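Single-letter residue listing:
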Amino acid sequence: MNDSDRGAGRAARPRRADARRNEKTLLDAAAAVFVASGVDAPVRDIAAKAGVGTATIYRHFPTRADLIIAVYRHQVEACAEAGPALLETSATPYAALERWIGLFVDFLVTKHGLAAVLRSDDAGFDALHAYFLDRLVPVCTRLLDAAAAAGEIRADIPAIELMRGVGNLCIGAENDPHYDARRLAGLLIAGLRLPR
């Protein structure tokens, strides 16, 4: 390998990192707009939030379904990565669980529009749901186990059961400005605490 080959390899890396950063910015903007306005929000609103033109969004995500699925996967990954980080940085495992459930609620509010978009693609929806479970159930299990080991919560709650309960509390939250799913999920989590 000569010096020019080495230089070419180094030049490509920052571009890939920039592309990943740009995609993350687009997905974060789309997620925020979806939470505020639903998955039918105009692409121009997402573009404005991301600070790009609409053509940039269409170049990355040719259809609305592509964008919604990418946001869904992006948010699943963000929730999955947040769990261990919160365990390391929170004062207690219970505090980490509480904060993670808040992130999970935010994710679920965004997710509600996905079913309508994928209505005609049962296999696609099933694959995304399996991905969701594979990535998030172990994270929730780890948070619950840590809080139970610290003596902060009861130890008999399976992660999937808690996640379904939180999910059920989120149904309809996007349609009712007087309904606060985050607050109710907080009450549910508080109910897991052991008496002191």
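Residues numbered from 1 in each chain as written. Predicted model: local features only at pLDDT ≥ 70, side-chain atom pairs only at ≥ 80, totals over all residues. Heavy atoms only, no water.

## Focus on the overall build of the chain
Heads up, the condition is: A run of H or I in DSSP becomes a helix once it reaches four residues, and a run of E becomes a strand once it reaches two; helices and strands are each numbered from the N terminus. Only protein chains enter the area calculation, which uses a 1.4 Å probe; residues under 20% of their type maximum are buried, those over 50% are exposed, and those in between are partly exposed. By definition in these notes, contact holds between two residues if any of their heavy atoms fall within 4.5 Å. A 1.4 Å probe and the Shrake-Rupley method give the accessible areas. Residues count as covered only by the protein chains that appear here.
What the chain contains, in helices and strands, is nine helices and zero strands. Of the regular secondary structure in the chain, the N- to C-terminal order runs α-α-α-α-α-α-α-α-α. Per-residue burial over the chain gives 35% buried out of 196 residues. Counting only contacts in the chain whose residues sit at least 6 apart along the sequence, the fraction spanning at least 24 positions is 66%. Summing over all exposed atoms, the chain offers an accessible surface of approximately 11,100 Å²; the carbon and sulfur share of this is 53%.

## Describing the UniProt feature "DNA-binding region" (unreviewed entry) in the chain
Put simply, the test is: UniProt positions are given in the numbering used here, feature names are shortened, and annotations may be inferred rather than shown by experiment.
Mapped onto this numbering, the UniProt entry gives "DNA-binding region" (unreviewed entry) at residues 42-61. In the segment residues 42-61, helix accounts for 75% and strand for 0%; the C-alpha atoms at its two ends are 14 Å apart.

## A look at the packing of helix α8 (residues 159-170) against helix α9 (residues 181-190)
Cut-off, in case you're wondering: Convention adopted: a line fitted to C-alpha atoms gives each axis, helices being fitted over their contacting stretch, and angles between N-to-C directions are expressed from 0 to 180 degrees. In what follows, roughly perpendicular refers to angles from 65 to 115 degrees, roughly parallel to angles under 35, roughly antiparallel to angles over 145, and oblique to any angle outside these ranges. Helix crossings are classified by the rotation of the near helix relative to the far one: an anticlockwise turn of less than a right angle makes the crossing left-handed, while a clockwise turn makes it right-handed. In the scheme used here, Gly and all other residues not listed as nonpolar or charged are polar, with Ala, Val, Leu, Ile, Met, Phe, Trp, Tyr, Cys and Pro taken as nonpolar and Asp, Glu, Lys and Arg as charged.
The contact between α8 and α9 brings their axes to 9 Å, and the two run at 150°. Taken as axis vectors, α8 and α9 run roughly antiparallel relative to one another. The handedness of the crossing between α8 and α9 is right-handed. Of the residues in α9, those touching α8 at Leu162, Gly165, Val166, Leu169 and Cys170 are Ala181, Leu184, Ala185, Leu188 and Ile189. Residue classes in the contact of α8 with α9 are distributed as nine nonpolar, one polar and no charged.

## Focus: the side chain of Ser90
Note the following rule: Polar contacts, as counted here, are pairs of nitrogen or oxygen atoms within 3.5 Å of one another; within protein the pair requires one atom able to donate a hydrogen and one able to accept it, and residues that are adjacent in sequence qualify only if both atoms are side-chain atoms.
Relative to the helices and strands, Ser90 resides in the loop between α4 (64-89) and α5 (93-111). A distance of 3.4 Å separates polar atoms of two side chains, one belonging to Ser90 and the other to Arg99. With residues up to four places along the chain from it excluded, the contact list for Ser90 reads Ala95, Ala96 and Arg99.

## Some words on the packing of aromatic side chains
For any pair of aromatic rings, the description rests on two quantities: the centre-to-centre distance and the angle between the ring planes. Counted only if it meets this: Classification of ring pairs rests on two measures: the distance between centres of Phe, Tyr or Trp rings, Trp counted by its six-membered ring, which must be within 6.5 Å, and the angle between planes, read as stacked under 30 degrees, edge-to-face over 60 and tilted in between.
Under the counting rule described, the total for this entry stands at five aromatic pairs. Geometrically, the ring pair formed by Trp100 and Phe104 is stacked, given 5.4 Å between the ring centres and 5° between the ring planes. Here Trp100 pairs with Phe104, and both are found in helix α5, just four residues apart, close to one helical turn. Judged on exposure class, the residue Trp100 and its partner Phe104 are both buried.

## A word on the confidence of the model for the chain
Quick note on the threshold: The quantity known as pLDDT measures the predictor's confidence residue by residue, on a range of 0 to 100.
Overall, the prediction assigns the chain a mean pLDDT of 85, with 86% of residues at 70 or greater. Mean pLDDT in the chain bottoms out at helix α6 (residues 114-117), which sits at 59, and peaks at helix α2 (residues 43-50), which reaches 95. Counting interchain partners and residues more than four positions distant, the pLDDT-below-50 stretch residues 1-13 has one contact.

## Details of the pattern of salt bridges
Let me state the cut-off plainly: A carboxyl oxygen of Asp or Glu within 4 Å of a side-chain nitrogen of Lys or Arg is what we treat as a salt bridge.
Enumeration over the complete set of coordinates arrives at four salt bridges. The salt bridge involving Asp28 is made with Lys24; its shortest N-O contact spans 2.6 Å. Of the two residues, Asp28 and Lys24 are both situated in helix α1 (residues 3-37); the distance of four residues between them amounts to about one turn of the helix. When its relative accessible area of 43% is taken as the criterion, Lys24 is described as partly exposed. Measuring nitrogen to oxygen at the nearest pair gives 2.8 Å for the salt bridge that ties Glu77 to Arg135. Placement of Glu77 in helix α4 and of Arg135 in helix α7 (residues 122-149) is noted, with a sequence separation of 58 residues between them. Residue classification places Glu77 among the partly exposed positions, given a relative accessible area of 21%.

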